[in-house]
Amino acid sequence: MRPDQDEMLEQLYYANYKKLLLYALSASQSQGSAPELVQDTFHEAVLHIDTLMTHANPGGWLMQTLKYKMNENDKARQRDAKYLLSLDTQLLAEPGTEDQEIAHILEEDAPSPLRLIRETLAPEEYQHLKRLVLDRASHAEVAEELHISVYASQKRLQRIREKLYSVFPERKRKK
């Protein structure tokens, strides 16, 4: 980036970070992911700095980008939750704990999506997916628990999704 672009981005950061974070915290279902979403917003700003330099309302651009990021995040969580939850069953257990009703369903003859997921993923991959999707933990929380970087947690989720697309090809997004 050029020095003028760097300076503008820094000014935008100091002028808008708190406002964006407060918005993300108040509107996001997962409080832990709010800082990550704001960080992704500023990453997007770096990628589109030329557009931002000439934009009439750069602060508004950042807010709109954050809203898109939050929407994408919610859609991804919902998509991931479909892998782990069946709409036909009532889930009464606390997130992250075993439910006897689900265990009974797993023992039936027809392979359920949850059984296929457990058979496809290694135990640590399944636990990673469960923490992010069912427990609604943020990548930052999971990364801290596993002593890895946030990027490593995101990359692990990407690889888990790729594995699951081989079992559930109908779930893969069409480009």
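Residues numbered from 1 in each chain as written. Predicted model: local features only at pLDDT ≥ 70, side-chain atom pairs only at ≥ 80, totals over all residues. Heavy atoms only, no water.

Visitor: Give a detailed account of the overall build of the protein, specifying residues and quantitative values.
Guide: Within the protein one finds 9 helices and 0 strands. The 175 residues of the protein split such that 37% are buried. For the protein, the share of sequence-separated contacts (at least 6 apart) that also reach a separation of at least 24 residues comes to 61%. Approximately 11,200 Å² of the protein is accessible, and the part contributed by carbon and sulfur atoms is 52%. (Helix = DSSP H or I, 4+ residues; strand = E, 2+ residues; numbered from the N terminus. Buried < 20%, exposed > 50% of the residue type's maximum accessible area, 1.4 Å probe, protein only. Contact = heavy atoms within 4.5 Å. Areas by Shrake-Rupley, 256 points an atom, 1.4 Å probe, with all protein chains shown as cover.)

Visitor: So, the packing of aromatic side chains: which residues are in play, and what are the values?
Guide: Evaluated as defined, the whole model comprises 3 aromatic pairs. Plain terms: the ring middles of Tyr13 and Tyr17 are 5.1 Å apart, the flat faces sit at 35 degrees to each other, and that makes the pair tilted. Taken together, the residues span about one helical turn, with Tyr13 and Tyr17 both in helix H1 (residues 3-27) at a distance of 4 residues. Among the residues examined, Tyr13 registers a relative accessible area of 34% and is labelled partly exposed. (Phe/Tyr/Trp six-rings, centres within 6.5 Å; stacked < 30°, edge-to-face > 60°.)

Visitor: Lay out helix H6 (residues 113-120) with the relevant residues and their values.
Guide: Here H6 has its buried residues at Leu114, Arg115 and Ile117. Down the axis of H6, the sector holding all buried residues measures 160 degrees, keeping them to one side. (Arc of directions from axis to C-beta.)

Visitor: Can you lay out the pattern of salt bridges for me, pointing to particular residues and giving the numbers?
Guide: Evaluated as defined, the whole model comprises 5 salt bridges. The partner of Asp4 in a salt bridge is Arg2, with the nearest N and O atoms 3.1 Å apart. Put simply, Glu125 and Lys163 hold a salt bridge, and the shortest N to O gap is 2.7 Å. Linking Glu125 in helix H7 (residues 123-133) with Lys163 in helix H9 (residues 150-167), this pair joins segments that are 38 residues apart in sequence. Residue Glu125 is classed as buried on the basis of its relative accessible area, which comes to 18%. With a relative accessible area of 33%, Lys163 lands in the partly exposed category. Each member of the salt-bridge network shares a partner with another, and the members are Arg131, Asp135 and Glu145. (Salt bridge = Lys/Arg side-chain N within 4 Å of Asp/Glu carboxyl O.)

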